[in-house]
Amino acid sequence: MKYLKKAHDKAPASLEKLRTDVAAIVADVARNGDEALQKYNEAFDGCKRTALRVARAEIDAAYAELDEGEIADIRAAAANIERFAREQRRTVTDLPSFEPSPGVRLGHRVIPVRSCCCYVPGGNYPLYSSALMLVIPAKVAGVPRVAACSPVMRGTDRINPRTLVAMDVAGADEIYAVGGAQAIAAFSYGTAQIAPVDMIVGPGNAYVTEAKRQCFGRVGIDFVAGPSEVLVIADKTAPADVIAADLLAQSEHDRNAAGVVVTTDEALGKKIIEEVARQLGTLETAEIARDAWEQNGEVIVADSIDEAVAIANDRAPEHLEVQTANLEAVAKNLYNYGSLFLGAYTAEVFGDYASGTNHTLPTLRAARYTGGVWVGTFLKTCTHQSMTREAMQKMAPLVSRLARGEGLIAHARAAEIRERMPDAPNARE
């Protein structure tokens, strides 16, 4: 293995100030509620609105700002995302009754969380596609209350109209004009205007991510995400210009985004570097994309496809593309990725917007232990059981012995007392 291009070494970021700043914001919102939210809205975004929930008239006005084609595009993407989410939901089913031994009935129910907040970022770009990716799976899962929030356009009191329309098309029950760490705190602790939720999902900047980390436990979260990333496995059959385009699509997200190629063909690696430079010359977002590519982009030459696969599995990228002659043979050996894109026709950006899979995915090697947001993110698998008298009498001595072995005498007695019970009127036979 050798590097044709290597990412720059970075000094370890100091997290102490970030953690302290976020902790202060969370505590302020928990203590002062809407007053703190309005203070931070004005300080960070220049927003002076006092009513944080977006009214129907404001949503309708956002539709009026978009042309019919834009609205149709949002609805078309939403339809694909919803179809896939519904198909996924059908794979997660209740287990009404299973008997591991006679008279012992076990099972589980798949139950949606009662409420969630879908955080839709603003930042450098109005990422209205995230509204579809977050709200639609929650609605398909059956969450009764799906709230959505997003920062306002800087210097205004309004959410970007495309984001607002996407939230509405996706089916959000409530929409709030608030963002940042303060929004995470508000939906965790509740304020006069915002009722707390059971789960918060969605990407955001470092402050949002840190707030999710600090509030986890009080609320559930999807995962703690970092900058976006793509890794491409390529052999000599892959097109250099297509790969370069995919690397730049990732790099334009922000200056910390990472695009990586692992190829078995050194000549292809060199062509990709040349092609990235050429395409940057005509890219409107080149300022950010160039910086991200120069700082974080990598081109690695692997000695074999097996080594390329091993590198990919070790890095566990958010997006993983395979552009090789034998796609299926490579794919079957990959196991650490947020989402997988097979073949040159399958652009990662299709998954970002409209193919139907979710683009809210684990980063920073978190794909080693979790997948991305999906309909199952909003579902709990909750077990239940019942026993006949005969099954209980067989089980109780075993449990009594195990409990006494741990020194938990009340546990043992709770089993033993049932052996002496008369017929129970509320027993389930």
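Everything discussed here concerns the structure shown above.
> Kindly report on the overall build of the protein, identifying the contributing residues and their values.
Of the regular secondary structure elements, the protein holds 16 helices and 14 strands. With the C-alpha coordinates aligned to their principal axes, the bounding extent of the protein is approximately 85 × 60 × 45 Å. For the protein, contacts bridging at least 24 residues in sequence account for 73% of all contacts bridging at least 6. Accessible surface, the protein: about 20,900 Å² in total, of which carbon and sulfur atoms supply 53%. Within the protein, the 56 negative side-chain charges are centred at a point lying 8 Å from the centre of the 47 positive side-chain charges.

> Run through helix H8 (residues 206–215), naming residues and quoting values.
Regarding H8, the residues found buried are Val208, Thr209, Glu210, Ala211, Lys212 and Cys215. In this structure Asn205 caps H8, since a side-chain oxygen of it lies 3.0 Å from the backbone nitrogen of Tyr207.

> Give me the sheet that holds strand S2 (residues 95–101): which residues, what numbers.
With antiparallel pairing, 3 strands are arranged side by side in an open sheet as S2-S3-S14. Since the sheet does not close on itself, it has two edges, and those belong to S2 and strand S14 (379–387), each with one partner. For this sheet the average axis-to-axis angle between neighbouring strands, irrespective of direction, equals 25°. With 3 bridges joining them, S2 and strand S3 (residues 104–112) adopt antiparallel strand pairing. Bridge assignment links Phe98 to a residue of S3, and that residue is Leu106.

> Could you give an account of the pattern of salt bridges, naming the residues involved and the relevant values?
Summed over the entire model, instances satisfying the criterion amount to 23 salt bridges. The salt bridge partner of Arg105 is Glu99, with a shortest N-O separation of 3.7 Å. Judged by relative accessible area, which is 43%, Glu99 ranks as partly exposed. Put simply, Arg315 and Glu298 hold a salt bridge, and the shortest N to O gap is 2.6 Å.

> Can you break down the pairing of strand S5 (residues 145–150) residue by residue, with the values?
Counting buried positions along S5 yields 6 of 6 residues, so the element is predominantly enclosed. Going residue by residue along S5, you find Arg145, Ala147 and Cys149 tucked away on one face and Val146, Ala148 and Ser150 tucked away on the opposite face as well. Of the strand pairs in this sheet, S5 and strand S6 (residues 174–177) are connected by 4 bridges, and their pairing is parallel. Across the sheet, residue Ala148 finds its bridge partner in S6, namely Ile175. Once you follow S5 into helix H6 (residues 161–170) and on to S6, the crossover reads as right-handed.

> How would you explain the environment of Ala424 if you had to name every residue and give the values?
Inspection of the secondary structure puts Ala424 in the segment after helix H16 (409–419). Residues Ala424 and Ala147, spaced 277 residues apart in sequence, show a C-alpha to C-alpha distance of 45 Å.

> Residues and numbers for the packing of aromatic side chains, please.
Going through the model one piece at a time under the given rule, you end up with 2 aromatic pairs. Between the aromatic rings of Tyr176 and Phe187, the centroid separation amounts to 5.6 Å while the plane-to-plane angle is 75°, which identifies the pairing as edge-to-face. One end of the pair, Tyr176, is in strand S6; the other, Phe187, is in helix H7 (residues 180–189), with 11 residues separating them in the sequence. Directly above the ring of Trp293 sits Lys5, whose terminal nitrogen or CZ lies 4.8 Å from the centroid.

> Please give an account of the nonpolar core that cites residues and values.
Formed by 48 residues in total, the largest nonpolar core has its most connected members in Leu132 and Phe378. Elements that contribute at least two residues to this core include exactly helix H3 (56–65), helix H4 (68–90), strand S4 (115–119), helix H5 (129–141), S5, H6, S6 and strand S7 (199–201). Top contributing element to this core by residue count: H5, with 9 residues. Dropping the residues within four chain positions of it, Phe378 is found in contact with Ile111, Pro112, Val113, Cys116, Leu134, Pro137, Ala138, Ala141, Val143, Met199, Val201 and Val373. With 29 residues, the next largest nonpolar core counts Leu18, Leu37, Cys149 and Ala185 among its residues.

> Got a sec to walk through the sheet that holds strand S9 (residues 229–234)? Specific residues and values, please.
The sheet built from 6 strands is open, its strands ordered S1-S11-S10-S9-S12-S13 with mixed pairing. For this open sheet the edge positions go to strand S1 (2–5) and strand S13 (339–342), each flanked by a neighbour on one side alone. When the angles between neighbouring strand axes are averaged without regard to direction, this sheet yields 20°. Pairing geometry for S9 and strand S10 (residues 258–263), over 6 bridges, is parallel. Residue pairing across strands places Ala234 opposite Thr263, the latter belonging to S10.

> So, unusual backbone geometry: which residues are in play, and what are the values?
Phi at Ala316 is positive, roughly 50°, even though this residue is not glycine. Residue position: Ala316 is located in the loop between helix H12 (305–315) and strand S12 (319–323). Residue classification places Ala316 among the buried positions, given a relative accessible area of 0%. Notably, Leu364 is not glycine yet its phi reads approximately 55°, a positive angle. Within the secondary structure, Leu364 sits in the loop between helix H14 (348–353) and S14.

> A description of the state of the cysteines should follow, citing residues and the corresponding values.
Taken as a whole and assessed by the stated rule, the structure comprises 0 disulfides. Cys116 provides the cysteine sulfur closest to Cys118, a residue in no disulfide bond, and the two sulfurs are 4.2 Å apart.

Conventions used here
Residues numbered from 1 in each chain as written. Predicted model: local features only at pLDDT ≥ 70, side-chain atom pairs only at ≥ 80, totals over all residues. Heavy atoms only, no water. Helix = DSSP H or I, 4+ residues; strand = E, 2+ residues; numbered from the N terminus. Contact = heavy atoms within 4.5 Å. Areas by Shrake-Rupley, 256 points an atom, 1.4 Å probe, with all protein chains shown as cover. Lys, Arg positive; Asp, Glu negative; His and termini not counted. Charge placed at Lys NZ, Arg CZ, Asp CG, Glu CD. Buried < 20%, exposed > 50% of the residue type's maximum accessible area, 1.4 Å probe, protein only. Polar contact = N/O pair within 3.5 Å; in protein donor to acceptor, adjacent residues only side chain to side chain. Pairing = 2+ DSSP bridges. Axes fitted to C-alpha atoms, helices over the stretch in contact; angles between N-to-C directions. Salt bridge = Lys/Arg side-chain N within 4 Å of Asp/Glu carboxyl O. Right-handed = clockwise from strand over helix to strand, strands pointing away. Phe/Tyr/Trp six-rings, centres within 6.5 Å; stacked < 30°, edge-to-face > 60°. Lys NZ or Arg CZ within 6 Å of the ring centre and 35° of its normal. Core = buried A, V, L, I, M, F, W, Y, C linked by side-chain atoms within 4.5 Å. Disulfide = S-S within 2.5 Å.

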